[in-house]
Amino acid sequence: MSSIGQDEGEAQHGLDRSWHLARTPLEVDVAELEYALMRAFEAFGRWQAECLASVIDFAASGPENAMLHIIRMNDRPKTIKDLARLSNREDIPNMQYSLRKLIGAGLVERKGSGRSGVTYSVTEKGRDVTERYAQLRASLLIKAVQSLPNFGGRLDEATKTLEFMTGIYEQVARSAATHRHLPR
């Protein structure tokens, strides 16, 4: 439904969706998407942490959990550059901290040396944990979304929208960085 139709219905119910980031109908739609994305990101992080804690006694943040599964992806070792590219991250020191944490837990191993010769892969323990995580994920999350009619198509459309928005955010971030005002 367009924001105009929503605005009319919300006005009848006393809802106000305008704020400093949402002054026009398009700004309202973008702000609503961003706000939903923030809430979804936080819920996703909690889900990841709880799912992992259900299969191993190890406290990991959502990004650390994601890193473990990205390392396991395709059962190929990954460099830190691979991990940064696959997760769209630039915070290499934070990633290195997470890798040390995963290595310390015995879930990941580091091989090689030098700046470009280091790769990371899951250990047998890491493989076992990620398999049990996948089983719990299937029994809880996948089972829950399977019960929703036509949800596969909706997920596909949401994925395309998020990928498209990722590209837009990347471009406008470069633009903002290029034209940043210097502090006075």
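Look above for the structure.
S.K.: Is there a simple way to explain the overall build of the protein in this structure?
M.R.: Across its full length, the protein holds seven helices and two strands. Taken from the N to the C terminus, the helices and strands of the protein come in the order α-α-α-α-α-β-β-α-α. Its C-alpha atoms give the protein a radius of gyration of 21 Å, clearly above 16 Å, the size a compact globule of 184 residues would have. When its C-alpha atoms are laid out on the principal axes, the protein stretches across 60 × 55 × 25 Å. A total of 184 residues make up the protein; the buried ones form 24% of that total. Taking contacts inside the protein between residues at least 6 apart in sequence as the whole, the part at least 24 apart equals 47%.

S.K.: Is there a simple way to think about unusual backbone geometry in this case?
M.R.: Backbone geometry places Asn74, a non-glycine residue, at a positive phi of 65°. Residue placement: Asn74 occurs in the loop between α3 (62-72) and α4 (80-87). A positive phi angle, near 55°, is found at Asn88, a position not held by glycine. Examined against the element boundaries, Asn88 turns out to sit in the loop between α4 and α5 (92-104).

S.K.: Before we go on, may I ask you to explain the packing of α3 against α4 in this structure?
M.R.: Two quantities define a packed helix pair, namely the angle between the helix axes and the distance between the axes. Contact geometry of α3 with α4 gives a least axis separation of 10 Å together with a crossing angle of 115°. Judged by the angle between their axes, α3 and α4 are roughly perpendicular. Note that α3 runs across α4; the crossing there is right-handed. Where α3 approaches α4, its residues Met67, Ile70 and Ile71 are matched on the opposing element by Leu83, Leu86 and Ser87.

S.K.: Hey, could you run me through the side chain of Thr123 in this one?
M.R.: Secondary-structure assignment places Thr123 in the loop between β2 (119-122) and α6 (124-146). Since its relative accessible area comes to 17%, Thr123 is described here as buried. Once residues within four sequence positions are removed from consideration, Thr123 is found in contact with Gly106, Leu107, Val108 and Glu109.

Calculation notes
- The residue numbering used here restarts from 1 in each chain and proceeds along that chain's sequence as written.
- With pLDDT at 70 or above as the cut-off, local features in this predicted model cover only qualifying residues; side-chain atom pairs require 80 or more to be listed or tallied, and sums for whole chains, interfaces and linings still use all residues.
- The side-chain values count all of the structure's non-hydrogen atoms but skip hydrogen atoms and water molecules.
- Here a helix means four or more residues in a row that DSSP labels H or I, a strand means two or more in a row labelled E, and each is numbered from the N terminus.
- When we talk radius of gyration, it's over C-alpha atoms, and the globule rule is simply 2.2 Å times the number of residues to the 0.38.
- Throughout this description, buried means an accessible area under 20% of the type-specific maximum (1.4 Å probe, protein chains only), exposed means over 50%, and partly exposed covers the range between.
- Pairs of residues are marked as contacts when any of their non-hydrogen atoms sit within 4.5 Å.
- What counts as an axis is a line fitted to C-alpha atoms, over the stretch in contact for a helix, and the angles between N-to-C directions run from 0 to 180 degrees.
- Oblique is the label for every angle not falling under 35 degrees (roughly parallel), over 145 degrees (roughly antiparallel), or within 65 to 115 degrees (roughly perpendicular).
- A clockwise turn of the near helix away from the far one marks a right-handed crossing, whereas an anticlockwise turn of less than a right angle marks a left-handed crossing.

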